[in-house]
Amino acid sequence: MFAYERTDDRLTLRRPDTRWLSNGFDGGYATAAAAHNLTVEEGFDRTDLAAYAAERLGYRPVGPTLLTGVRQTNARGARLGPIEAVVTAGLSNPAVLPVEASDDPRSATAAVADSGVEPGTVNVLVGSSEPLTDGGLAGLLGTIVEAKTATLLELAGCTGTTSDAVVVGCPAGAGGAAFAGSATEIGNAARVCVRDAVAAALDARYGDDPPPAPRDAPYGIVTSESATVFEP
């Protein structure tokens, strides 16, 4: 489905005429031949992320670019049916969402660097060989976030990290599937691939040691506030 180029600090997915949707720093829709996942150096504190990506790649990318502190040699992928997923996963900055309000001192306002980029990050890049409408791509992104969250809750006790990002892509052109929820072939395959790729990426990153428990992580947040509930 994709052609891959990988070094220790760069993973590029290539396929001509791909329609992408990203919720990363350069997010939104774009049609381009490539998407990138870049490993940043320790202590990274740049905020001009588009300029940084252009410096790293040697040109300003048209397609989406994600950033992480995880080495690209720890990336892992999974394929099923029309879906292919590739993931890098690090959990030094977990995000925890208790069902009830918490008095945990690690509040969302106190524990995260302003840059939003920490040594962890779970980056998920997913391609469909079947075309989708822009709405279908948005639905697929939602399905992937749900699958990533469910997997991380089961394996690591967190919903993600403070800097996670997702990229989805499909063949460009008019038409395509308008839905990609869990009951569709595309959505179901995406759930399976994301689950298995996230698990494999965590294993590649942490080996025989389990991922750090959220309470032991050097960065991260616990969402401790309560909202005012109302009936509309």
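The rules behind each value
Residues numbered from 1 in each chain as written. Predicted model: local features only at pLDDT ≥ 70, side-chain atom pairs only at ≥ 80, totals over all residues. Heavy atoms only, no water. Helix = DSSP H or I, 4+ residues; strand = E, 2+ residues; numbered from the N terminus. Rg over C-alpha atoms; globule rule 2.2 N^0.38 Å. Buried < 20%, exposed > 50% of the residue type's maximum accessible area, 1.4 Å probe, protein only. Contact = heavy atoms within 4.5 Å. Areas by Shrake-Rupley, 256 points an atom, 1.4 Å probe, with all protein chains shown as cover. Lys, Arg positive; Asp, Glu negative; His and termini not counted. Charge placed at Lys NZ, Arg CZ, Asp CG, Glu CD. Pairing = 2+ DSSP bridges.

The name given to the protein chain in an unreviewed UniProt entry is Adenosylcobinamide amidohydrolase, with Natronomonas salsuginis as the source organism.

A.B. asks: Describe in detail the overall build of the protein chain, supporting the description with residues and values.
C.D. replies: Helix and strand counts for the protein chain stand at three helices and 11 strands. Listed by position from the N terminus, the elements making up the protein chain come as β-β-β-α-β-β-β-β-β-α-β-β-α-β. Its C-alpha atoms give the protein chain a radius of gyration of 17 Å, within 12% of the compact-globule value 17 Å for 232 residues. When each of the 232 residues of the protein chain is scored for burial, the buried share is 46%. The long-range fraction of contacts in the protein chain, counting pairs at least 24 apart against all pairs at least 6 apart in sequence, stands at 78%. Total accessible area computed for the protein chain in this model is approximately 11,000 Å², and 51% of it derives from carbon and sulfur atoms. Computing the positive centroid from 17 side-chain charges and the negative centroid from 29, the protein chain places the two 7 Å apart.

A.B. asks: I'd love a proper account of the sheet that holds strand β9 (residues 160–161), names of residues and values included.
C.D. replies: As summarised here, the arrangement of the three strands in space is β9-β7-β11, forming an open sheet in which the pairing is mixed. Edge positions in the sheet fall to β9 and β11 (221–222), since each of these pairs with one other strand and no more. The pairing of strand β7 (residues 94–96) with β11 spans two bridges and is classified as parallel. Considered in β11, the bridge of Val96 is made with Val222.

A.B. asks: Give me the environment of Arg60: which residues, what numbers.
C.D. replies: Its location among the elements puts Arg60 in the loop between α1 (49–57) and β4 (65–68). For the pair formed by Arg60 and Ala50, sequence separation is 10 residues and the distance between their alpha carbons is 7.5 Å. Setting aside chain neighbours within four positions, we find Arg60 in contact with Ala50, Ala51 and Ala54.

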